[in-house]
Amino acid sequence: MSSTTGGRRSRITAARFHFRPLTGFVGLLGALANPVMFGSAALLLVVVHYGADLPDHEWLVDHQLPETTRLHAADGTLVAEYARQRRIVASLESIPVRVVNSFLAAEDKNFFTHLGVDILGVARAAVWNLSHSGNGVRPRGASTITQQVARNFLLTNEPTLRRKIREAILALRLERTLGKERILELYLNAIYLGRGSYGVAAASQSYFNKPLSDLTVAEAAFLAALPKAPSQYAAAGGKAAVFARRNWVIQRMLEDGRLALAEAVAAQAEPLGIIPPASGEIDPAAAYFTEEVRRQLIERYGADGVYQNGLSVRTTLNRRMQRLATKTLRTGLIAYDRRHGWRGPLTHIEPAGSSWMSELARFERPAGALPDWRIAMVLSADEQGAAIGLADGALGNIPWAELRWARSRRAGQRTGPEPKSPSDVLSRGDVVLVEPIDHAGSHALRQIPEIRGAMIAIDPKSGRILAMTGGWSFADSEFNRAVQAWRQPGSTFKPFVALAALDRGLTPSTIILDAPIALPMGAGRGLWRPANYSNRYLGPRTLRFALEHSRNVMFVRVARRIGMDAIADYAERFGIIDNMPREIAMAIGSGETTLLRMTSAYAMLANGGYLIRPTLIDRLQDRSGHTIYRHDDRPCPACSEIVWRGQAPPALPVTRVRIADPASVYQVISMMEGVVERGTARRVRELGRPVAGKTGTTNESRDAWFIGFTPDLVVGVYAGFDEPRSLGPRETGSSVAAPIFGEFMKAALAGVPARPFRIPNGVWLVRVRLSDGRLAHSGDTDVIWEVFRSKTLQNPPAALARRKPTDAPRSASHARSQVASTLLNGVGALY
């Protein structure tokens, strides 16, 4: 019914109850002479008095209930929900009859015959209340479902006669305005049923992990039993009270003719089958990922849009990769933390008799402790290990093999000598974290790492973020270091300096001087003397060598040659740093960026130089199922054809924007493969497949990075302290971040065939000596196939240059001098 019609009806109703003074006086005299008329007049006066200022109810005709926003992984699995009222709105047509009948039997068996107020029900309740008055028994109500809707949406729960009268008047009006079906639909979707669930659909998921269509009669009756005392029954689990209440509902269904006898008997014999309450997060491993999605949704649609509008969000999350990312990052942080010693017990409690159990039970569990870790007290220590007690009274031990790593911690991330016995590590009364390692009571000593880190995995073709973890534990810190931590990228920035240089005529064989350099900083600021990590200098070396071995001073010389404007252009083009200062130190990674930005930039190298927009969201739908956002926004009219009849898939237009020369990009990729084969990331070589990447270590080893990729997967790893300080002697991107990358890729790509990087048009592969970039001669052993752009290598003989590394080389000594001359023409040397 339209609001105009409803408003007209309200005005007509109000006009009927308007009394002129004289007419009202004469009518009152007549009513006093006739009891029936007197009762009717009194009722009319009550209606007029209490119905004069009732709230508007017509908005309920098309009211949309607050609904849960649900996040799904790429495979459709639910991974997170956001709501102020956890609700899944279901149309009345989609709610099974057995569910409807259960609620009608329990709450309002005459729903489809009364006009909003059940007069017979009111009378029965009045008689019962009178017969039990003074007994301390709570009075029975007789509210119909319509009255409950009126109370829940339009009134309060105050237990007064005034509220009951207003509720009854509103119920009569709701019946005329909304109709039975709409009222019942509102009720079944709005009623609170415990466990934070509103409406039958959400409750079905919460108690049985089922859609409504799969509920049995007994399960439907259980839900209908909840409105009387949802919190009490929801907490009762398998206790007798909830079992009896459910069976009472089934009996009412039988008595009302809504259920056959055999069905009722079978349903009453059925166990409750309630699943335990959810612990909170649906997928704890994806907590950083889903929180970043939530934050982006709020930025786009506001808090109300996220918590009330029932969005359906299909994310890019690959659940398997996400679990791997969380596991391997934690393993890598633990490995670093162990290298730097044992920081001691959580606290010390002197055990006295058996009181240690109660003392331990009161000890607060640290927020960063992993789910499998437990708090234990050391009861004794001998040469075999340490005897421990757990808060539940169980006893166990920590073997000596699980204590050997626990050197004492010293200043500067250094450690003391290796412990010689368990008593060097633990003492009686120490409270520590342990993790079970077998079923015989053996445990491993654990401590929460101080170092923090992050990891991101991206599909380089689409920009879809497949996995993201932003720290050790979301419970410990919600700060997402993958997207919120701005840190210096160090040497991971150097590939983009190399790319800018290659686009300006340099080649991987260009000779650059690796020697100390001093540059003026400006008036009164003295000289800047950049240094290599090792403080060693090797003289003239190739640009390839500079990248493979991360030589700082060589890249400073490259930056001076090509200019900081060129480098800033690439930093901004690849989204690494916006408005990058034109300071030469920026060429060796002294700016600030995030892991997401750096990993996305590497993805644009991996895909051949195409711009991508990194995304956590594939598609957004509103509560009605209409798509309101798609990451892949290419036009596709034929995609609306949802029935497949053997036709070919629709062809999508190519809309990617190229931001770099594919030939130059491939040269950088080839050099970054050398980083893995011979350079600072040799630890990753064990993967046994084509991998390109770059380590990064900032001044004083404050930040450790590794970003690497195959043709189809890009992974970035960062590690460091939240309050920047040195990671310690000899700790670099190679020792901290690269092993995490390697473990992740080994598991993520298990069973996936290796694939080489695609060689674009416009490049030649030439056999050169690795040491100096000059043409290889017969008998040379340090020979590689170097990548040259066609414009820097004019008319190369096929014997010494080829387009594909699978081509068979042939002898061509007569042409060597010609090629050497051609090579050196575009090379030059930077001294």
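This text goes with the structure placed above it.
So, here is what we can say about the structure in this document. (Residues numbered from 1 in each chain as written. Predicted model: local features only at pLDDT ≥ 70, side-chain atom pairs only at ≥ 80, totals over all residues. Heavy atoms only, no water.)

Now for the sheet that holds strand S5 (residues 312–315). Taken in spatial order, the five strands line up as S2-S1-S5-S20-S21 in an open sheet, and their pairing is mixed. Either end of the sheet is taken by a strand with one partner, and the two such strands are strand S2 (78–82) and strand S21 (627–630). Each strand of the sheet is rotated relative to its neighbour by a mean of 15 degrees, with strand direction disregarded. The sheet strands contacting helix H14 (residues 287–308) are strand S1 (69–72), S2, S5, strand S20 (617–621) and S21, and the helix crosses S2 at an angle near 35 degrees. (Pairing = 2+ DSSP bridges. Helix = DSSP H or I, 4+ residues; strand = E, 2+ residues; numbered from the N terminus. Axes fitted to C-alpha atoms, helices over the stretch in contact; angles between N-to-C directions. Contact = heavy atoms within 4.5 Å.)

Now for the layout of surface pockets. Computed from the structure, the second largest pocket encloses a volume of approximately 830 Å³. Lining the second largest pocket we find 34 residues, and of these Asn 532, Tyr 533, Ser 550, Asn 552 and Thr 697 sit closest to its centre. Taken together, the elements giving at least two residues each to the lining of the second largest pocket come down to strand S22 (692–697) and helix H23 (733–748). Looking at the lining of the second largest pocket element by element, the count peaks at four residues for S22. Across the lining of the second largest pocket, the residue classes tally to six nonpolar, 22 polar and six charged. (1 Å grid on protein atoms, 1.4 Å probe; cavity = no way out; pocket = protein on both sides within 12 Å on 5 of 7 lines; lining within 4 Å. Points joined across faces, edges and corners; volume = space filled by probe spheres on them. Nonpolar A, V, L, I, M, F, W, Y, C, P; charged D, E, K, R; others polar.)

On to the pairing of S1. A two-sided burial pattern is seen for S1, the buried positions comprising Thr 69 and Leu 71 on one face and Arg 70 and His 72 on the other. Two elements, S1 and S2, share four bridges in a ladder whose sense is antiparallel. Across the sheet, residue His 72 finds its bridge partner in S2, namely Leu 78. What sits between the antiparallel neighbours S1 and S2 is a turn of five residues, in which Gly 76 has the positive phi angle 95 degrees. Bridge analysis of S1 against S5 gives three bridges, and the strand direction is parallel. Opposite Leu 71, over in S5, you have Val 313 as the bridge partner. (Buried < 20%, exposed > 50% of the residue type's maximum accessible area, 1.4 Å probe, protein only.)

Note on placement: Arg 246 falls in helix H12 (residues 240–255). Although Arg 246 is buried, it makes no salt bridge; Glu 270 carries the closest opposite charge, 5.4 Å away. Polar side-chain contacts of Arg 246 include one of 2.9 Å to the side chain of Asn 247. A polar atom in the side chain of Arg 246 sits 2.7 Å from the backbone oxygen of Glu 270. The residues contacting Arg 246, other than those within four sequence positions of it, are Ala 218, Ala 221, Phe 222, Ala 225, Ala 267, Gln 268, Glu 270, Pro 271 and Leu 272. (Lys, Arg positive; Asp, Glu negative; His and termini not counted. Salt bridge = Lys/Arg side-chain N within 4 Å of Asp/Glu carboxyl O. Polar contact = N/O pair within 3.5 Å; in protein donor to acceptor, adjacent residues only side chain to side chain.)

Attention shifts here to the nonpolar core. With 139 residues, the main nonpolar core has Phe 574, Phe 709, Leu 713 and Phe 744 as its most contacted residues. Once residues within four sequence positions are removed from consideration, Leu 713 is found in contact with Met 321, Ala 457, Ile 458, Pro 460, Leu 466, Gly 708, Phe 744, Met 745, Ala 748 and Leu 749. Counting 61 residues, the second-largest nonpolar core is a separate cluster that includes Ile 88, Leu 170, Leu 178 and Phe 222. (Core = buried A, V, L, I, M, F, W, Y, C linked by side-chain atoms within 4.5 Å.)

Right, let's get into the sheet that holds strand S15 (residues 465–469). Whenever strands of a sheet pair, they do so through backbone hydrogen bonds, lying parallel or antiparallel. Pairing within the open sheet is antiparallel, and its five strands lie in the order S15-S14-S24-S23-S22. The strands lining the two open edges of the sheet, one partner per strand, are S15 and S22. Adjacent strand axes in the sheet meet at a mean angle of 5 degrees, parallel and antiparallel pairs treated alike. Sheet topology note: the strand S23 (residues 703–709)/strand S24 (residues 714–720) ladder contains seven bridges and is antiparallel. Each residue of the ladder has a partner; that of Asp 703, found in S24, is Gly 720.

Note that side chains of opposite charge can pair when their charged atoms are close. Tallying each qualifying case throughout the model produces 47 salt bridges. Its salt-bridge partner being Arg 295, residue Glu 299 comes within 2.7 Å of it at the nearest N-O pair. Taken together, the positions of Glu 299 and Arg 295, both in helix H14 and four residues apart, correspond to about one turn of that helix. Exposure remark for Glu 299: the relative accessible area of 60% places this residue in the exposed category. For Arg 339, the salt bridge goes to Glu 731, with nearest N and O atoms at 3.0 Å. Note that Arg 339 is positioned in helix H15 (residues 319–339) and Glu 731 in the loop between S24 and H23, a separation of 392 residues in sequence.

Scanning the entire structure with this criterion turns up 18 aromatic pairs. Between Phe 208 and Phe 222, the aromatic rings sit 5.7 Å apart at their centres with planes inclined by 80 degrees, giving edge-to-face as the arrangement. A residue pair is termed long-range when its members are at least 10 positions apart, and Phe 208 in helix H9 (residues 200–208) and Phe 222 in helix H10 (residues 217–225) qualify at 14 residues. The same class applies to Phe 208 and to Phe 222, which are both buried. Of the aromatic side chains, those joined through ring pairs into one cluster are Phe 493, Phe 496, Phe 574, Tyr 602, Phe 709 and Phe 757. The ring of Trp 472 carries the charged tip of Arg 330 above its face, separated from the ring centre by 5.8 Å. Lying across the ring of Phe 545, Arg 541 places its NZ or CZ 5.5 Å from the centre. (Phe/Tyr/Trp six-rings, centres within 6.5 Å; stacked < 30°, edge-to-face > 60°. Lys NZ or Arg CZ within 6 Å of the ring centre and 35° of its normal.)

For the coordinates displayed, the defined rule picks out one cavity of 30 Å³ or more. Computed from the structure, the largest cavity encloses a volume of approximately 50 Å³. In terms of lining, the largest cavity is formed by Ile 334, Asp 337, Arg 338, Trp 373, Trp 405, Leu 445, Arg 446, Gln 447 and Pro 449. Listed by contribution, the elements that provide at least two residues to the lining of the largest cavity are H15 and strand S13 (443–446). Among the elements that take part in the lining of the largest cavity, H15 stands out by supplying three residues, more than any other.

With that out of the way, let us pick up the pairing of strand S9 (residues 395–399). Within a regular strand, side chains alternate between the sheet's two faces. What you see with S9 is a clean split: Gly 396 and Ile 398 sit on the buried side and Leu 395, Asn 397 and Pro 399 on the side with no burial. As judged from the five bridges shared by strand S8 (residues 385–390) and S9, these two strands associate in the antiparallel manner. Residue pairing across strands places Gly 389 opposite Leu 395, the latter belonging to S9. Hairpin connection, S8 to S9: the antiparallel pair is bridged by four residues, and Gly 393 has positive phi, about 95 degrees.

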